[in-house]
Amino acid sequence: MTATSPAPESSTVSSPAAGLRWGILGTGFIAGLQTSDLVNHGFTVPAVGSRSLATARDFAGTYQVPNAHGSYEALANDPGVDVVYISTPHPFHYENALLALNAGKHVLVEKPFAMNARQAQDIVDLAAAKGLVALEAMWTRFLPHMVRIRELVRSGALGEVRTVIADHNQNLPKDPGHRLSDPALGGGALLDLGIYPASFAFDVFGAPARIQAAASMTATGVDRQTAMIFEYADGQQAVLHCALDTAGPNRAAVIGTAGSIEIDPVWYTPTGFTRYDDGGNVVERFDEPVTGRGMQYQAWELERLVAAGATAGDVLAPAETVQVMAGLDAVRGQIGLSYASDER
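Residues numbered from 1 in each chain as written. Predicted model: local features only at pLDDT ≥ 70, side-chain atom pairs only at ≥ 80, totals over all residues. Heavy atoms only, no water.

**Observations regarding the confidence of the model for the protein**
Logical step 1: Across the protein, pLDDT averages 95, with 95% of residues at or above 70.
Logical step 2: Low pLDDT, under 50, characterises residues 5–13; the predicted model gives this stretch 21 contacts beyond four residues in sequence or across chains. (pLDDT = per-residue confidence, 0-100. Contact = heavy atoms within 4.5 Å.)

The structure is reproduced here in structure tokens:
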């Protein structure tokens, strides 16, 4: 018998918890998606900052943001802003997050949170010292289908969970001068795409005991595709893959001794899943509509934390963000992918 699952608790949130005033640092494509979800779901977005005042004004006009700043410093120091969403290219997350935290702002930092675990730890430590929230914008963690999957895994509905399988393969621009191919801008499949399946494995199993990785590199020295196996002390495995120049199925599965979950493509976006028992029979079908892109859920989580007077939640705590970055550091060490930020 097929059951339709109840809506997870987090998906019932319909308005911001703390009424914070959001500043947008960076005006790229992802910033536009996040801002659209903020504006369309009742959040207050009074300001945007860019290195160019003209660019900030264009962005402000597009997304109905009242104030435009021609520098990141001006945005961070705007007294009308409580939290800063950071969506600049990867290598700038570190300095941008420190800037905002030192100005007394909470931060929601796009993934990857930083370029390596050392930088991530610095951000987390500064936020803790100042009593501020520093949340990684791994939006997938907060989507309704992921909330339900965590419930099922933790309840024992799948029995002993043994395996996670996930891929993130896209056919993206191949121009050697593009950000994705440029080591100076944190290029490569791993940090842009592989972080999704890696974070999913951490979500289900926690930090791995051992990592095995292999990659194919581009002429510019970044990874074109990377395969990873995360192994755990009790024998569990996560089999993960990412690629930036070949489109893939973008599916994921969680497999246990009493059943399994197959997540529909694209698994890391708002979607549904089917749960099977150990005989292959459908026992649950999860489908819950999500308005917009679904990036409002991570913003609700940050506002919830602030309203509760907390700096860490149980869905994606700062310490786990650091662990994920350490895992990616280990992968990069095996595949020979390094960046200037690795040097102190």
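Here the narrative resumes, following the displayed structure.
**Quick word on the sheet that holds strand S4 (residues 67–69)**
Logical step 1: The strand order across the open sheet formed by six strands is S4-S3-S2-S5-S6-S7, and the pairing between neighbours is parallel. Each edge of the open sheet carries a strand with a single partner, namely S4 and strand S7 (134–137). Geometrically, the sheet is characterised by an average inter-axis angle of 25 degrees between neighbouring strands, direction not taken into account.
Logical step 2: Seen against the sheet, helix H8 (residues 296–308) touches strand S2 (21–25), strand S5 (83–86), strand S6 (106–110) and S7 and runs at an angle of roughly 155 degrees to S6. (Pairing = 2+ DSSP bridges. Helix = DSSP H or I, 4+ residues; strand = E, 2+ residues; numbered from the N terminus. Axes fitted to C-alpha atoms, helices over the stretch in contact; angles between N-to-C directions.)

**What to know about the pattern of salt bridges**
Logical step 1: Here the structure, examined in full by the defined rule, presents 17 salt bridges.
Logical step 2: The residue Arg304 makes a salt bridge to Glu301 at a minimum N-O spacing of 3.0 Å. Note that Arg304 and Glu301 are positioned in helix H8 at a spacing of three residues, about one turn of the helix.
Logical step 3: Note on Arg304: relative accessible area 39%, which makes it partly exposed.
Logical step 4: Given a relative accessible area of 9%, Glu301 falls into the buried group.
Logical step 5: In this structure, Arg332 and Asp342 form a salt bridge, with 2.8 Å as the shortest nitrogen-oxygen distance. Of this pair, Arg332 sits in helix H9 (residues 318–335) while Asp342 sits in the segment after H9, and the two are 10 residues apart along the sequence.
Logical step 6: Judged by relative accessible area, Arg332 falls into the buried class, the value being 5%. (Salt bridge = Lys/Arg side-chain N within 4 Å of Asp/Glu carboxyl O. Buried < 20%, exposed > 50% of the residue type's maximum accessible area, 1.4 Å probe, protein only.)

**Re the pairing of strand S14 (residues 273–277)**
Logical step 1: The sheet contact formed by strand S13 (residues 259–263) and S14 spans five bridges and is antiparallel. Each residue of the ladder has a partner; that of Ile261, found in S14, is Arg275.
Logical step 2: Two strands pair when backbone bridges link them, and S14 and strand S15 (residues 282–286) are joined in this way by four bridges, in the antiparallel orientation. Within the sheet, the bridge partner assigned to Arg275 lies in S15 and is Glu284.
Logical step 3: Joining the antiparallel neighbours S14 and S15 is a turn of four residues, in which Gly280 adopts a positive phi near 85 degrees.

**Structural notes on the side chain of Thr271**
Logical step 1: Looking at the element boundaries, Thr271 is found in the loop between S13 and S14.
Logical step 2: Those residues in contact with Thr271, other than ones at most four positions away along the chain, are His145, Ile263, Asp264, Pro265, Val266 and Phe286.

**Examining empty space enclosed by the protein**
Logical step 1: One pass over the structure, following the stated rule, counts one cavity of 30 Å³ or more.
Logical step 2: Roughly 50 Å³ of volume is contained in the largest cavity.
Logical step 3: Along its surface, the largest cavity is lined by Met138, Thr140, Arg141, Met146, Tyr196, Ser199, Phe200, Asp203 and Trp267.
Logical step 4: Partitioning the lining of the largest cavity into residue classes produces five nonpolar, two polar and two charged. (1 Å grid on protein atoms, 1.4 Å probe; cavity = no way out; pocket = protein on both sides within 12 Å on 5 of 7 lines; lining within 4 Å. Points joined across faces, edges and corners; volume = space filled by probe spheres on them. Nonpolar A, V, L, I, M, F, W, Y, C, P; charged D, E, K, R; others polar.)

**Looking at the packing of helix H4 (residues 93–102) against helix H5 (residues 117–130)**
Logical step 1: Two elements in contact, H4 and H5, have axes whose closest approach is 10 Å; the angle formed by their N-to-C orientations is 5 degrees. Classified by the angle between their axes, H4 and H5 sit roughly parallel to one another. Packed against H4, whose contacting residues are His93, Tyr94, Ala97, Leu98, Leu101 and Asn102, the element H5 presents Gln119, Asp122, Ile123, Leu126, Ala127 and Lys130 at the interface.
Logical step 2: Here the contact of H4 with H5 is composed, by residue class, of seven nonpolar, three polar and two charged. (Parallel < 35°, antiparallel > 145°, perpendicular 65-115°, else oblique.)

**With respect to the packing of H5 against H9**
Logical step 1: At a closest axis distance of 8 Å, the pairing of H5 and H9 adopts a crossing angle of 170 degrees. Regarding the angle of H5 to H9, the classification is roughly antiparallel. The handedness of the crossing between H5 and H9 is right-handed. Residues Ala117, Ala120, Gln121 and Val124 of H5 form the contact with H9, whose own contacting residues are Pro318, Val322, Met325, Ala326 and Asp329.
Logical step 2: When grouped by side-chain class, the residues that make up the contact of H5 with H9 number seven nonpolar, one polar and one charged. (Left-handed = near helix turned anticlockwise from the far one by under 90°.)

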